[in-house]
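A structural walkthrough
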Amino acid sequence: MIEINGVSLAYDVTNILSDISVTIPKGGVTALIGPNGAGKSSLLALVARLQPLQSGAITMDGLSVASTPGKVLAKKMAILRQDNHLGSRLTVRELVGFGRFPHSRGHLTAEDRKVVDEALMLFDLDDLSGRFLETLSGGQRQRALVAMAYCQDTDYLLLDEPLNNLDMYFARDLMRSLRRIADERGKTIVIVLHDINYAGTFADRILAMRNGRIVADGRPDELITTDMLNTIYGFEIPVTTIDGRPVALPFR
Amino acid sequence: MIDRRLIILTLLAAVCAIAFLTLGLRGNLGFVLTLRATKLAALIEVGIAIAVSTVVFQTVTANRILTPSIMGIDALYLFAQILLVLILGGLAYATLDASLKFAIGIAALMILSCVLILPMLRGRLDMGLMLLAGVVLGVLFRSLHSLIARILDPNDFAVVQGMSYVNFNDVNTGLLALASLMTLCALVLVWRARHILDVVALGRDAAIGLGIDWTKTQVGCLLLVSVLVAVSTALVGPAAFLGLLFVALAERVVQSRRHALLIPAAALIAVIVLVGGQTLFQHALGNSSTLGVVIEFAGGIVFLILLWRGSRR
Ligand SMILES: Nc1ncnc2c1ncn2[C@@H]1O[C@H](COP(=O)(O)OP(=O)(O)OP(=O)(O)O)[C@@H](O)[C@H]1O
Ligand SMILES: [Mg+2]
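Residues numbered from 1 in each chain as written. Chains lettered and ligands numbered in written order. Predicted model: local features only at pLDDT ≥ 70, side-chain atom pairs only at ≥ 80, totals over all residues. Heavy atoms only, no water.

Quick notes on the packing of helix α12 (residues 242-254) of chain B against helix α13 (residues 259-283) of chain B
Relative placement of two packed helices is described by the angle separating their axes and the distance separating the axes. Residue and element names in this part refer to chain B. In plain terms, the rule: For every element, the axis is a line fit to its C-alpha atoms; helices are fit only across the contacting stretch, and the angle between N-to-C directions ranges from 0 to 180 degrees. Secondary structure elements are defined from DSSP: runs of H or I of at least 4 residues count as helices, runs of E of at least 2 residues count as strands, and each element is numbered from the N terminus. In this scheme, roughly parallel covers angles under 35 degrees and roughly antiparallel covers those over 145, while 65 to 115 is roughly perpendicular and the rest are oblique. Should the near helix be turned counterclockwise from the far one by less than a right angle, the crossing is left-handed, whereas a clockwise turn marks it as right-handed. Contacts are residue-level and defined by heavy atoms, with any inter-residue pair within 4.5 Å sufficient.
α13 packs onto α12 with a crossing angle of 120° between their chain directions and a minimal axis gap of 8 Å. Judged on the interaxial angle alone, α13 and α12 are oblique. The chirality of how α12 crosses α13 is right-handed. On α13, the residues touching Phe246, Val247, Leu249, Ala250, Glu251, Val253 and Val254 of α12 are Leu261, Leu262, Ala265, Ala266, Ile269, Ala270, Val273 and Leu274.

Structure follows, in C-alpha cells:
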C-alpha cells in the first residue's frame, strides 16, 4: 500500500503540488491522468524518492520513503521516468541487466540471467539484445527501459508515460503485459497515461490530477464521462459505449 | 574469465617495466637496480593514481572531458602546501616530516574538494559550466599560489618551487611508502565499488531508482579522487591532461564504460605510457626530462579532440 499524506511541493513560489493525500492499495493497476503540467511526474518522483519531500509524508507498506535506505526501497519499487538520459554506452542486455542490481549488486547470478532473458522475451527485445541503446529507435529504447524496470522485480512498479513512442501494437502489448503481471503476480502498478482509453481499458482505478491537485478518483466507468473529463481536461469530450465500456472520442 | 585485451595490456606493461629496469645497466648493479625499482614503483603508482582518479571523477561528474586536474584539484593540493610554508616558514616546512606534510595536504584537499565541488554536482551544472568553474578554480588557486610565492622570502620560495611542475625525473621517493599505502587503500575501495560506479554512470535518477545513496556515493567518490590526486601530485607534481589521455585510450581499447574493464585498462595504459615513455626517452632520445611535457601535450590534444567532438553532438 502506498500512502501519500499531505504532500505539497513548490519550486520558488509556484505551487506544483498542493496538499495531496491519497492511498493506493496493494495490487492492481492505477492510472494517473491529467493535462500537461498537472504534476503527475512530480508526484511520481516524490514517491520514488527522486526528489526530497518538502512537506507531508509518503510510506510504502509502512516504510517511509524519506528515511528508508535506498537499497531496501529499490527492492520494493521500480520507477520508469518520463525522460531518460542514460550516461553510459550500453547494450540492451546490459541495460536490462542493471534492473537486477538491487538484488545482485552487480554480480549477475544464473537466476538473474533467467529474469533478464525472460524480460527480453516479454518485451520483444531478444533480437535487439546485443544492440547499443543509441542505435535503437525511440520505441525500442522505451521498451528496453520498461524491461529494465520490470527486471527489478519489485512489488511496486511506477511508470511515467511508458507508452511514449510505442506503436499501437507494442502499446497494447505492454498494457496487456502489465495487466497480466498485476493479476498473476499481485504487483502494484501506477502508470501515467495520456490516452484515456488505455486507462479505461486496463486500469482498475483512475486518479486524475489538475493544477497540482487530485480532482477525480474512481473506477474507469465513473471517470470516463463527458462531465468528468471536462472537469479534468477543460473541454467537451464525447463518450460512447462499446462492448459495455465507455470510450472517449476526443477527436473532433 | 579475464578479458583478452587486459591480458595484452598487462603483458605490455610488464615488458615496459622490465625494459625500464634492465636497459643499459652499468656500474654497481645492486645500487642501480634498487634506485630504478624505487622509481619504477613511483611511476606505476602515479600512473595508476592518475588513471583511476580520472575514471572515478568522470563517472561522478557524468562527463568524459573533465579530469580532477582540469577542475583544479591538484592546484588545491599545491595551494595547501604553500599555505603551510607561509604559516610555518620555509625552514620549519623543510624540516617537517614529509609524511606529515603529505597527510596535511591530503586532509586539506579532501575537505576543500568536497566544499567546492559538491555544490557544483548538487546544482547539476552542465558540462560547460562545470568546465568553466573548474578552470576558474584552478586559476584562482594557482594565482593564490604564486601570490603567496611572491610574498615568501627567497629561501622559502625555493622550497615550494620544486613541487610546482610535473616532473617524472625527479620523483619524490621519500613519500613512496605512505603514498603506496594510500593508493592501495583507495584502489581496493574503488575496485569494490566498480559495480556501483557502473550504476552511477547511468545518471542520478536511474542510480537512485536502483538503490544507490546518491549523495553519500558522490562524497565517497570525491574523497577517493582527492586521495589519489594528492598521491600523484605529491610524487611528481601537477599533471593536467594525463588522466584524460589514459582514460580516452582505455575506452578505445576496451570499447566499454564498464568499470571492471575500464579501471584496469586505464591503469595499465598509464603504466605503459609512463614507464615505456620514460624508458624510451632515457635510452633512445637521451633526454628524459621532457617526457612530462610530451605526454601533457598529447593529453592536451586529446582534450581538444574530445571538446570538438562533444560540441558537434
Ligand atoms: N525543476 C522544476 N522547476 C520548476 N518548475 C518545475 C520543475 N519541474 C517541473 N516543474 C513544473 O511543475 C509542474 C508539474 O510538472 P510535471 O512534470 O509534474 O507535470 P506532468 O503532469 O508530468 O506533465 P506532463 O503530462 O507534461 O508530463 C509544471 O508546471 C512544470 O512546469
Ligand atoms: Mg510528466
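Focus on the coordination of the magnesium ion (ligand 2)
Defined as follows: The donor set covers N, O and S atoms within 2.8 Å of the metal, switching to 3.2 Å for Na, K and Ca, and it leaves out water, so a site may look short of donors.
Within the protein, Ser41 of chain A (OG) and Gln82 of chain A (OE1) serve as the donor atoms for the magnesium ion (ligand 2), at 1.9 to 2.0 Å. Of the two residues, Ser41 of chain A sits in helix α1 (residues 40-47) while Gln82 of chain A sits in the loop between β6 (77-80) and α3 (92-98), which places them 41 residues apart along the sequence.

Overview of empty space enclosed by the protein
Left-over empty space is what a probe sized like a water molecule reveals as it rolls over the atoms. What counts is decided by this rule: Definitions used throughout: a 1 Å grid over protein atoms alone; a cavity as a set of points that fits a 1.4 Å probe which cannot get out; a pocket as an open set with protein on both sides within 12 Å along at least five of seven lines; a lining residue as one with an atom within 4 Å of a point. Grid points are joined across faces, edges and corners, and a volume is the space filled by probe spheres set on the points. Gly falls in the polar group here, along with every residue not listed as nonpolar (Ala, Val, Leu, Ile, Met, Phe, Trp, Tyr, Cys, Pro) or charged (Asp, Glu, Lys, Arg).
The full count for this structure, using the stated rule, is 7 cavities of 30 Å³ or more. For the largest cavity, the calculated volume is near 150 Å³. Residue lining of the largest cavity: 13 residues in total, with Ile79, Leu80, Asn84 and Met148 of chain A together with Ala206 of chain B positioned closest to the centre. Those elements giving two or more residues to the lining of the largest cavity turn out to be β6 and α6 (138-151) of chain A together with α10 (204-209) of chain B. When its residues are assigned to classes, the lining of the largest cavity shows 8 nonpolar, 3 polar and 2 charged. By volume, the second largest cavity amounts to about 90 Å³. Taken together, 15 residues form the lining of the second largest cavity, with Ile50, Ser69, Val229, Ser232 and Ala239 of chain B sitting closest to its centre.

Here's the deal with the sheet that holds strand β4 (residues 55-60) of chain A
All names here are of chain A. Threshold: Should DSSP find at least two bridges between two strands, the strands are regarded as paired.
Ordered in space as β2-β1-β4-β5, the 4 strands form an open sheet in which the pairing is antiparallel. At either margin of the open sheet sits one strand with a lone partner, and together these are β2 (14-24) and β5 (63-64). Sheet topology places strand β1 (residues 2-11) next to β2; 7 bridges connect them, and they run antiparallel. Paired with Leu9 across the two strands is Leu17, which belongs to β2. Its contacts with the sheet put α1 on β1, β2 and β4, and the angle it makes with β1 is roughly 120°.

Re the side chain of Thr61 of chain B
Residue and element names in this part refer to chain B. Applied cut-off: Think of it in three bands: residues with accessible area under 20% of the maximum for their type are buried, residues over 50% are exposed, and the middle band is partly exposed, with areas taken using a 1.4 Å probe on protein chains only. Residues adjacent in sequence count toward polar contacts only when both atoms are side-chain atoms; beyond that, a polar contact is any pair of N or O atoms within 3.5 Å, and within protein one must be able to donate a hydrogen and the other to accept it.
Considering the arrangement of structural elements, one finds Thr61 in helix α2 (residues 29-61). Owing to a relative accessible area of 10%, Thr61 belongs among the buried residues under this scheme. A polar side-chain atom of Thr61 sits 2.7 Å from the main-chain carbonyl oxygen of Phe57.

Considering the site of ligand 1
Residue and element names in this part refer to chain A. How we decide: A cutoff of 4 Å decides nearness: a residue is near a molecule or strand if any of its heavy atoms lies inside that distance of it. Here the Shrake-Rupley method, with its probe set to 1.4 Å, supplies the accessible areas, and only the displayed protein chains count as covering residues.
The environment of ligand 1 is made up of 13 residues, and the closest members are Gly37, Lys40, Ser41, Ser42 and Gln82. In this structure, Gly37 approaches ligand 1 through a main-chain N or O atom, which is 2.8 Å from an oxygen atom. Considered on its own, ligand 1 offers 640 Å² of accessible surface; in the complex 59% of this is hidden by protein. Ranked by residues supplied to the shell around ligand 1, first place goes to α1 with 3 residues.

Here we look at the interface of chain B and chain A
Spelled out, the test is: The term buried area means the drop in 1.4 Å probe accessible area that two parts suffer when joined, counted for both and summed. Here, a salt bridge means any Lys or Arg side-chain nitrogen found within 4 Å of an Asp or Glu carboxyl oxygen.
Counting residues at the interface gives 20 residues for chain B and 25 residues for chain A. Summed over both sides, the interface of chain B with chain A buries roughly 1,700 Å², with 57% coming from carbon and sulfur. Three residues stand out in chain B for area buried against chain A, namely His195, Leu202 and Leu210 of chain B, and they jointly supply 33% of the buried area on that side. Our count for the contact surface shared by chain B and chain A stands at 1 salt bridge. Note that Asp205 of chain B is salt-bridged to Arg81 of chain A, the shortest N-O span being 2.7 Å. One can count 4 residue pairs in polar contact (both at pLDDT 80 or more) joining chain B with chain A. For the side of chain B that touches chain A, the secondary structure elements donating two or more residues are α9 (194-200) and α10 of chain B.

A short note on the environment of Met130 of chain B
The residue Met130 of chain B is located in helix α6 (residues 127-151) in this model. In the structure, Met130 of chain B is positioned 64 residues away from Leu66 of chain B in sequence and 8.4 Å away in space, judged by C-alpha atoms.

A look at the nonpolar core
Put simply, the rule reads: Residues enter a nonpolar core if they are buried and are Ala, Val, Leu, Ile, Met, Phe, Trp, Tyr or Cys, with the set joined through side-chain atoms within 4.5 Å. Source of the domain bounds: an automatic or database domain assignment.
The biggest cluster of nonpolar side chains holds 184 residues, and the ones touching the most others in it are Ile2, Ile4, Leu158, Leu178, Ile189 and Ile191 of chain A together with Phe102 of chain B. Residue assignment places this core across two domains, with domain 1 (1-76 + 155-252) and domain 2 (83-153) of chain A each supplying three or more. With residues near it in sequence (within four places) discarded, Leu178 of chain A still touches Leu157, Leu159, Ile189 and Ile191 of chain A.

Topic: the pattern of salt bridges
Residue and element names in this part refer to chain A. Scanning the entire structure with this criterion turns up 16 salt bridges over all chains. Asp183 is the partner of Arg179 in a salt bridge, and the nearest nitrogen-oxygen pair spans 2.8 Å. With Arg179 and Asp183 both in helix α7 (residues 168-185) and 4 residues apart, the pair spans about one turn of that helix. Judged by relative accessible area, Arg179 falls into the buried class, the value being 19%. Of the charged contacts in the structure, one is a salt bridge between Asp204 and Arg179, with a shortest N-O distance of 3.0 Å.

Considerations on the sheet that holds strand β10 (residues 213-218) of chain A
Residue and element names in this part refer to chain A. If you trace the 6 strands from one edge of the open sheet to the other, you get β6-β7-β8-β3-β9-β10, paired in mixed fashion. Looking at strand neighbours, the two that pair on one side only are β6 and β10, the edges of this open sheet. Geometrically, the sheet is characterised by an average inter-axis angle of 15° between neighbouring strands, direction not taken into account. Note: strand β9 (residues 205-210) against β10, 5 bridges, orientation antiparallel. When the bridges of β10 are listed, Met209 appears paired with Ile214.

Quick look at the environment of Val46 of chain B
Residue and element names in this part refer to chain B. Here Val46 lies in helix α2. For Val46, a relative accessible area of 0% translates into the label buried. Sequence separation between Val46 and Ala267 is 221 residues, and the spatial gap between their C-alpha atoms is 9.6 Å.

The values reported here are purely geometric and, on their own, carry no functional implication.
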